[in-house]
Amino acid sequence: MAGRGEHILYECYRGKRALEPLPEPLTQDTLFDVASLTKPLVTALLAAWFIQYGEIAITDPVRRFLPDYPHSQISIRHLATHTSGLPDWLPLYIESRPYYDMLKSLPLKSAPGRRVHYSCPGYILLHFVLTKVAKEPFVRAAQKLLLDPLNIPDLLLQVPEHDRLRCAPTEKGNQWEKELARKHFPQAVVNAFPWRTEVIRAQTHDGNSYYLGGCAGNAGLFATARALFRLSAEFLPESSTLFRAETLELMQRNLTPGKLSHRSFGFKLNSTPLTSGGKSFSAAAFGHNGFTGTSLWIDPVTRMRYILLSNRVHPKVQSLNLNRIRRRLHKALVGRLRKTG
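The structure reproduced in this document is the subject of the present report. (Residues numbered from 1 in each chain as written. Predicted model: local features only at pLDDT ≥ 70, side-chain atom pairs only at ≥ 80, totals over all residues. Heavy atoms only, no water.)

**Some words on the overall build of the protein chain**
1) Next: Helices and strands together make up the secondary structure of the protein chain, namely 11 helices and 11 strands.
2) Next: Taken over C-alpha atoms, the radius of gyration comes to 19 Å for the protein chain, in line with the 20 Å a tight globule of 341 residues would show.
3) Next: Projecting the C-alpha coordinates of the protein chain onto the three principal axes gives extents of approximately 55 × 50 × 35 Å.
4) Next: Buried residues in the protein chain amount to 57% of all 341 residues.
5) Next: In the protein chain, the share of contacts with a sequence separation of at least 24, taken over all contacts with a separation of at least 6, comes to 65%.
6) Next: With an accessible surface of roughly 15,000 Å², the protein chain has 53% of that area assigned to carbon and sulfur atoms.
7) Next: For the protein chain, the distance from the average site of its 45 positive side-chain charges to the average site of its 27 negative ones is 8 Å. (Helix = DSSP H or I, 4+ residues; strand = E, 2+ residues; numbered from the N terminus. Rg over C-alpha atoms; globule rule 2.2 N^0.38 Å. Buried < 20%, exposed > 50% of the residue type's maximum accessible area, 1.4 Å probe, protein only. Contact = heavy atoms within 4.5 Å. Areas by Shrake-Rupley, 256 points an atom, 1.4 Å probe, with all protein chains shown as cover. Lys, Arg positive; Asp, Glu negative; His and termini not counted. Charge placed at Lys NZ, Arg CZ, Asp CG, Glu CD.)

**A look at the packing of aromatic side chains**
1) Next: Across all of its chains, the model carries 14 aromatic pairs by this definition.
2) Next: Between W49 and Y53, the ring centres sit 4.6 Å apart and the planes meet at 45°, which makes this aromatic pair tilted.
3) Next: For W49, a relative accessible area of 18% translates into the label buried.
4) Next: With centroids separated by 5.7 Å and ring planes inclined at 40°, the aromatic side chains of W176 and F291 adopt a geometry described as tilted. Of this pair, W176 sits in helix α6 (residues 175-181) while F291 sits in the loop between β9 (286-290) and β10 (294-299); the two residues are 115 residues apart in sequence, bridging distant segments of the chain.
5) Next: Among the residues examined, W176 registers a relative accessible area of 34% and is labelled partly exposed. (Phe/Tyr/Trp six-rings, centres within 6.5 Å; stacked < 30°, edge-to-face > 60°.)

**Re unusual backbone geometry**
1) Next: Each neighbour pair has its own omega, and for E20 with P21 the value is 0°, a cis peptide bond.
2) Next: Mapped onto the secondary structure, P21 falls in the loop between β3 (16-18) and β4 (24-25).
3) Next: Here the residue pair H314 and P315 is connected by a cis peptide bond, since its omega of -5° sits within 30 degrees of zero.
4) Next: As for its placement among the helices and strands, P315 is situated in the loop between β11 (304-309) and α11 (322-340).
5) Next: With phi around 65°, D154 is a residue other than glycine that occupies positive phi space.
6) Next: Along the chain, D154 falls in the loop between α5 (138-150) and β6 (155-156).

**Here we look at helix α9 (residues 225-232)**
1) Next: Here α9 lies mainly inside the structure; 6 of its 8 residues are buried.
2) Next: Of all the residues in α9, the buried ones are A225, A227, L228, F229, L231 and S232.

**Points about the pattern of salt bridges**
1) Next: Enumeration according to the criterion identifies 15 salt bridges in this entry.
2) Next: Between E136 and K144 there is a salt bridge, with its nearest N and O atoms 2.8 Å apart.
3) Next: Given the relative accessible area of 46%, K144 is considered partly exposed.
4) Next: Here R166 ties to D154 by a salt bridge, and the two come within 2.8 Å at their closest N and O atoms. Placement of R166 in the loop between β6 and α6 and of D154 in the loop between α5 and β6 is noted, with a sequence separation of 12 residues between them. (Salt bridge = Lys/Arg side-chain N within 4 Å of Asp/Glu carboxyl O.)

**Quick look at the environment of L108**
1) Next: Relative to the elements of secondary structure, L108 occurs in the loop between α3 (99-105) and α4 (120-134).
2) Next: Along the primary structure L108 and T292 are separated by 184 residues, whereas in three dimensions their C-alpha atoms are 27 Å apart.

**Thoughts on α5**
1) Next: Between the first and last C-alpha of α5 there are 17 Å, a value that for 13 residues agrees with the 18 Å anticipated at 1.5 Å per step.
2) Next: Looking at α5, one finds that the buried residues are F138, V139, A141, A142, L145, L146, L147 and L150.
3) Next: The first or second residue beyond α5 is N151, which carries a positive phi of 50°. (Expected span 1.5 Å × (residues − 1).)

Spelled out as structure tokens, the structure:
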């Protein structure tokens with residue numbers, strides 16, 4: 001899907017919504033688990049809301065809100081830009097300890113601010129910070145401050161039972177994370193854990209989010225393509241209804257200058273070499289990808305927004321070079337839209 005302003009200029013649905021247990025056609029109202037798109041579209045956006053209204057500052061240390069957190073140098077900025085030094089992933093759910101206790105025990109891979117190292121635990125920690133700031137559960141705060149005011153149908157942090165069959169199912173069981181977990185925990189611990197074995201549907205594929213109630217800041221959002229198209233308008237000043245221009249500037253500014261990966265507040269910037277946005281977009285474009293096969297990119301120069309919702313994890317995780325596929329798709333869309341005016 002691609003479009004500008006309120007106008008969808010290209011929309012296409014191909015393939016199957018499900019293969020197991022029975023094939024189902026892909027439809028316009030299919031809800032996708034958008035995985036890590038949750039990071040910028042919900043978690044960073046909620047943090048930006050608190051920044052806009054003076055509840056937090058981008059430079060605030062995590063310890064301001066979680067005084068017992070051991071790493072005093074890590075700030076809100078570090079978490080939002082993946083420069084905290086926290087590891088990329090860990091199955092926090094596999095032990096009986098609370099997630100936050102697990103997060104406190106994680107050693108850093110590098111000093112805060114030294115380099116960009118993509119980190120799901122970083123966004124889970126940001127989730128705990130925002131929960132503390134909001135003084136209520138994360139999902140409730142995001143619903144009240146973001147989703148309810150935006151009033152966008154099919155933008156869900158919790159899928160009701162009557163919408164379950166509209167969801168594109170993901171993996172059959174959690175085999176992918178089970179194998180990854182073997183790198184971090186003894187085999188006996190991994191084998192003893194009660195892994196999901198059924199085809200996952202209307203539940204977040206990401207284990208850390210699932211076992212924390214459905215959303216842990218790093219994943220958990222379900223949406224249709226049209227819902228994401230409407231939400232993406234909130235990141236451009238001329239169409240945003242909730243945010244001031246100076247707040248949205250955080251989403252476009254390079255907050256990791258001199259680093260190999262250019263990051264804004266929540267997003268990856270297309271100025272990063274070989275980013276999945278591709279050469280078809282301006283260097284100012286910003287976007288994010290999701291492990292399940294999703295992406296959203298916004299080009300503030302052309303005011304175009306591009307959405308891809310695919311499913312590389314059903315019925316099992318596929319080893320695909322999705323970045324190359326995304327770049328080819330973006331190039332084709334830009335070329336097509338130029339020809340049609």
